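Topology and contacts: notes
Residue-level listing of the chains:
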Amino acid sequence: MQAMALRRLKGRLLPAIAMAVALAATTLAGCSQESGTPTLTWFINPDNGGQEQFAQKCAAESGGAYQVQIETLPNDATAQREQLVRRLAAKDSSIDLMSLDVIYTAEFANAGFLLGYSPQEAADLTDGMLDAPIETAKWKDTLYAVPFKSNAQLLWFRKSLAKKAGVDPTSDTFTWDDMQKAAVEEKKTISEQGARYEGLMVWVNALILSGGGEILSNPEAGRDAVPSMASEAGTKAADIISTLANSTAAPADLSVAQEEQARAVFQSGDGMFMLNWPYVLAAARGAVEDGTLDQSVVDDIGFARYPRVFPDTPSRPPLGGVNLAIGAFSKYPDLAKQLVDCASTPDNGTQYMLDEGEPSVYASSYDNPEVRDAYPNADLIRQSINDAGPRPITPYYVDVAGSIINTWHPPGAVNENTPAQTDEFMSAVLQGRRLL
Amino acid sequence: MSTATNEPEVVVSERVKGERRLGLWLTAPSFLMMILVTAYPLGYAVVLSLYNYRLTDPGGREFVGLNNYWVILRDAVWWNDFMTTLVITVVTVAIELVVGFIFAYVMLRIIRGRGPLRTAILIPYGIVTVVSAFIWRYAFALDSGFVNQWFGLTDFNWFGDRWSALFVICLSEIWKTTPFISLLLLAGLVQVPEDMQEAAKVDGATAWQRLVKVTLPNMKAAIMVALLFRTLDAWRIFDNPFVMTRGANNTETISFLAYRQNVTLVNLGMGSAISVLLFLSVVAIAWVFVKGFKTDLSQVRGD
């Protein structure tokens, strides 16, 4: 009944609003529709021009089939999502293509904001890509986006200190406990992202997946999903975080540290280990060029796969990245598919990795000699991305992540009851019984 | 204007009736416009607040009656934000009233340099709230701020703790809106009859007595109106916490909570319920002022 009343209300008002919008549109559209060529609008996350370059190249190669206009979204993923959700909820037909953070693909797909691909198209488009990124682009077994760039956290360490402590972080069975012990022994630190933001979620998620657990047992159930943090893996994850945070191995700024603060501590005299994205190596080299860091520090940096939680279970490194998705309300879905096809080639993946420092989703990129030259850890990154553990693929990701960030911050206050508390809080939030 | 509805019944002539009717007709267009612009969104928010509805999960939309209100009013997050808003409102309005009165008095009494002084007092009010929030944020920031340098607080993080962050938020709010309150009070001060002051002086009243017994009672209406406007304004504070802390460290206000539920979580049901509660609290404040303290909105114009 309420819904009917609502619909009736809308019925009367919508024509009036539509008219006002149409009037505004006719005055505005005059400039963009001069030529007959359809213009595709691609909403990108800010980069150094790499995506725009692909867009113009593809437009030129299309032989006049389409032009591409680039719209740049805000810097952080949350703000990008806010803007896209608002537009797509209003069925904005000007969003032909968007660069979407991996964590939001499921939400957008479930809301009907994205154009899905047929199994055949999906197989063609993702041919040669690494496994984990493809997972993030799927919702209920349908591909809704095409992985464009990826990322995986690695374990970074100071070679000299590891040698002194007598540990080998590159060993297959190196665990968080080994790392903790070595750092305490050497009176050095382990840098992590412990601030109250998405990075904390990345950490908790990686620990739980690496321990063989899951944050949600049935993420596809949306708001009826059952949190499953209270498990052996959850308890161990809480133990690892609280042990680190309450030991001498915790950097002083752990509870407010994001990626860059973690890097600063690792590069300083206190640093021994760090969990961070591959950009840190290039950033350290940049710091040497700028004269703010000594070359000997860079030479001392080693890298290894994300440490294990239990010695007998392989780790699931944290996964990042961006997928290309086509807006469900686009006026030119076929042209947009052409653009995606053209922009997401292996060659582009390789080039983006070289130009923008963002790892490729294609396995073959890592065999490219130039890539191997620029990334001494190319094989490690490829393997880490392939085996990475995505954050929960659920339409309620924002609630899930928010519940975890709320209950696991500050890291020093985490204890063995935290996972069970998170389960309870998360399911109350999902079902609308608590405010986030 | 003809707001004298609860005056004792007097014989109303045809002419007065006609004037009243004319008044209604003249205000009708703007009244209708108000209804259109404000009543529709309000009604829509009330309807939405009865649903469990996510913008990104249209299929999961379900009618839940008053459950959203029930959840909110039992939730610690709401009461925490309610307290934060209350603290900000009480502190800023109280300080602004005193400082604003001093400013108004100075603006009234000063002879030389009246123009520059009035301009100086009014400038903050002309600055956009977001801009003023940024000014104060940068002033107190750890890396670029001058405040820590001035007072020798080397690495005190003002925004790292609830109360110090609220202190900066209140300070910014006071700096920005005291001019508004002092303008309203100046209007009231001007109305205090000069001969009454002189009579009191002749009777030997001290300056303090004249202030408390003559000036303040005579400008009660102006004070109440200023308080009403500022309280309503402060109760809906959003920009300062948003710019300065993003709601971290327990500095989230009710408006901010509504924003977060509606915009970030696109939880339209819960967000609308919070917005409706915010609206009801605003109505309650206005009601207390108008009925409880008998604030007559028409008096400030000196009718």
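Preceding this paragraph is the structure being described.
Note that the structure is predicted; figures quoted are calculated from it, not measured.

Reading guide: rules and limits
- Residues numbered from 1 in each chain as written.
- Chains lettered and ligands numbered in written order.
- Predicted model: local features only at pLDDT ≥ 70, side-chain atom pairs only at ≥ 80, totals over all residues.
- Heavy atoms only, no water.
- Pairing = 2+ DSSP bridges.
- Helix = DSSP H or I, 4+ residues; strand = E, 2+ residues; numbered from the N terminus.
- Right-handed = clockwise from strand over helix to strand, strands pointing away.
- Contact = heavy atoms within 4.5 Å.
- Buried area = accessible area lost by both parts, 1.4 Å probe.
- Salt bridge = Lys/Arg side-chain N within 4 Å of Asp/Glu carboxyl O.
- Polar contact = N/O pair within 3.5 Å; in protein donor to acceptor, adjacent residues only side chain to side chain.
- Buried < 20%, exposed > 50% of the residue type's maximum accessible area, 1.4 Å probe, protein only.
- Phe/Tyr/Trp six-rings, centres within 6.5 Å; stacked < 30°, edge-to-face > 60°.
- Disulfide = S-S within 2.5 Å.
- Arc of directions from axis to C-beta.

1. Here we look at the pairing of strand β2 (residues 67-72) of chain A
Residue and element names in this part refer to chain A. Note: strand β1 (residues 39-44) against β2, six bridges, orientation parallel. Across the sheet, residue W42 finds its bridge partner in β2, namely I70. With helix α2 (residues 50-61) bridging β1 and the parallel β2, this β-α-β connection has right-handed handedness.

2. So, the interface of chain A and chain B
Between chain A and chain B, the contact holds 27 residues from the first and 31 residues from the second. Interface area for chain A against chain B, summed over the two sides, is near 2400 Å², with a carbon-plus-sulfur share of 57%. There are three salt bridges connecting chain A and chain B. With a shortest N-O distance of 2.7 Å, R54(B) and D399(A) are connected by a salt bridge. In this assembly, chain A and chain B are joined by 12 residue pairs in polar contact (both at pLDDT 80 or more). At the level of secondary structure, the elements contributing two or more residues to the side of chain A that touches chain B comprise α1 (2-29), α3 (77-89), α4 (105-110) and α18 (397-407) of chain A.

3. Some points on the environment of M229(A)
Residue and element names in this part refer to chain A. Positionally, M229 belongs in the loop between α9 (198-210) and α10 (232-245). Residue classification places M229 among the buried positions, given a relative accessible area of 0%. With 138 residues separating them along the chain, M229 and D367 place their C-alpha atoms 38 Å apart. For M229, the residues in contact, after removing those within four places along its chain, are V204, I208, E214, I215, G234, T235, I404, W408, P419, T422 and D423.

4. Quick look at the pattern of salt bridges
Residue and element names in this part refer to chain A. Applying the stated criterion across every chain, the model contains 24 salt bridges over all chains. Note that D387 and R305 form a salt bridge whose closest N and O atoms lie 2.8 Å from each other. Note that D387 is positioned in helix α17 (residues 378-387) and R305 in the loop between β10 (301-304) and β11 (319-326), a separation of 82 residues in sequence. Using a relative accessible area of 25% as the deciding quantity, one classes R305 as partly exposed.

5. Comments concerning the packing of aromatic side chains
All names here are of chain A. A full pass over the atoms with the stated rule returns 31 aromatic pairs over all chains. For the ring pair F54 and Y352, a centre distance of 6.0 Å and an interplane angle of 45° mean the geometry is tilted. Pair noted here: F54 is in helix α2 and Y352 is in helix α15 (residues 346-356), with a separation of 298 residues, a long-range link. The same class applies to F54 as to Y352, namely buried.

6. Describing the state of the cysteines
Residue and element names in this part refer to chain A. Within this structure, the stated rule accounts for one disulfide over all chains. One disulfide bridge connects C58 with C342, the sulfur atoms lying 1.9 Å from each other. The S-S bond linking C58 to C342 shows a torsion near -95°; that makes this disulfide left-handed. Here C58 is found in helix α2, whereas its partner C342 is found in helix α14 (residues 333-343), with 284 residues between them in sequence. Accessibility expressed as a relative area gives 2% for C58, which makes it buried. We classify C342 as buried; its relative accessible area is 19%.

7. With respect to helix α12 (residues 279-289) of chain A
Every α-helix winds through 3.6 residues per turn, so residues three or four apart in the chain are directed the same way. All names here are of chain A. Inspection of α12 places V280, L281, A283, A284 and A287 among the buried residues, and these make up the whole buried set. Each buried residue of α12 lies within a common arc of 165° when the element is viewed along its axis, so the set occupies one face. Of the residues in α12, the exposed ones pointing more than 90 degrees away from the buried face are A282 and E289. For α12, the secondary structure elements touched by its buried residues are β7 (154-158), α11 (259-267), β9 (271-276), α13 (295-299) and β10. Just downstream of α12 lies G291, where phi reads positive at about 80°.

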